[in-house]
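Chain and residue survey
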Amino acid sequence: MTQALSAAAIAAVVAACWLLGRPRPKILRSTDASAVAALNRSRMERVLMRDDAPGEAGADAPDGTEAVVLPAAADRRGRQLLLRQLERQFQAGGDQRRQALAVCAAWHHRDTLPLVRRGLRDSDCAVAALAAEAMAHFRGRSAATAAVQTRPPRNVSRTR
């Protein structure tokens, strides 16, 4: 009987040491939830705007917007100026960021790809949707790879 009690006491001591000695899960102090909060705020704004104005869904463009003149393909200086303007608008955030990505979607120029890629990762759903629309033009094969694939291989005599 004493052996059974001593075995039970040893088992209880081992169980208590095991339970008390386990490492506790630690919450990271460096966890930054600001991106999640921004995403939640933007989605809540969209829901609240949709509830407030159900008949005004088609009126996205404000009256005070100025028309952007897109530069020609040969106008290098005009392209650089427009890209700088789009970058400033994108950095400003909010409605100006949406306008910048709308111009990128209308322009269809390869120089806007870095801006569009950043827009794809944006916390605002409207900005991400505009960026996806702008990126749709660049999806698929590029003209360079299509031209390379149309000519036959150099050793075409061996393939036939």
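For the structure, check the block above.
Residues numbered from 1 in each chain as written. Predicted model: local features only at pLDDT ≥ 70, side-chain atom pairs only at ≥ 80, totals over all residues. Heavy atoms only, no water.

Turning our eyes to something else, we now look at the overall build of the protein chain. The helix and strand tally for the protein chain stands at eight helices and zero strands. Within the protein chain, the proportion of its 160 residues that are buried is 21%. Put simply, 58% of the contacts in the protein chain that link residues at least 6 apart link residues at least 24 apart. By element, 57% of the accessible surface of the protein chain is carried by carbon and sulfur atoms, the whole surface being about 12,900 Å². (Helix = DSSP H or I, 4+ residues; strand = E, 2+ residues; numbered from the N terminus. Buried < 20%, exposed > 50% of the residue type's maximum accessible area, 1.4 Å probe, protein only. Contact = heavy atoms within 4.5 Å. Areas by Shrake-Rupley, 256 points an atom, 1.4 Å probe, with all protein chains shown as cover.)

The next subject is the nonpolar core. With 19 residues, the main nonpolar core has L86, L101, C104, L115, V116 and M135 as its most contacted residues. Listing elements by their share of this core, those giving two or more residues are α3 (76-92), α4 (95-107), α5 (113-120) and α6 (125-135). The greatest single-element share of this core, amounting to six residues, is contributed by α4. If we ignore the near neighbours within four places in the chain, the residues touching M135 are L113, V116, R117 and L120. (Core = buried A, V, L, I, M, F, W, Y, C linked by side-chain atoms within 4.5 Å.)

With that out of the way, let us pick up helix α1 (residues 2-21). Quick reminder: α-helices carry 3.6 residues per turn. Residues three or four places apart thus point the same way. The terminal C-alpha atoms of α1, which comprises 20 residues, lie 28 Å apart, in line with the 28 Å expected from a rise of 1.5 Å per residue. The buried fraction of α1 amounts to zero of the 20 residues, a small share that puts the element mostly on the outside. (Expected span 1.5 Å × (residues − 1).)

With that settled, consider the environment of H109. For H109, the position within the fold is in the loop between α4 and α5. Each C-alpha atom of the pair H109 and A134 lies 9.6 Å from the other, and the pair is 25 residues apart in sequence. Setting aside residues up to four positions removed in sequence, H109 forms contacts with R79 and F138. Among the polar contacts listed, one links the side chain of H109 to the backbone nitrogen of D111, at a separation of 3.1 Å. (Polar contact = N/O pair within 3.5 Å; in protein donor to acceptor, adjacent residues only side chain to side chain.)

Here we take up the side chain of D124. Mapped onto the elements of the fold, D124 is located in the loop between α5 and α6. Classification of D124 by relative accessible area gives buried; the value is 10%. Those residues in contact with D124 that sit more than four places away from it in its chain are S42 and R98.

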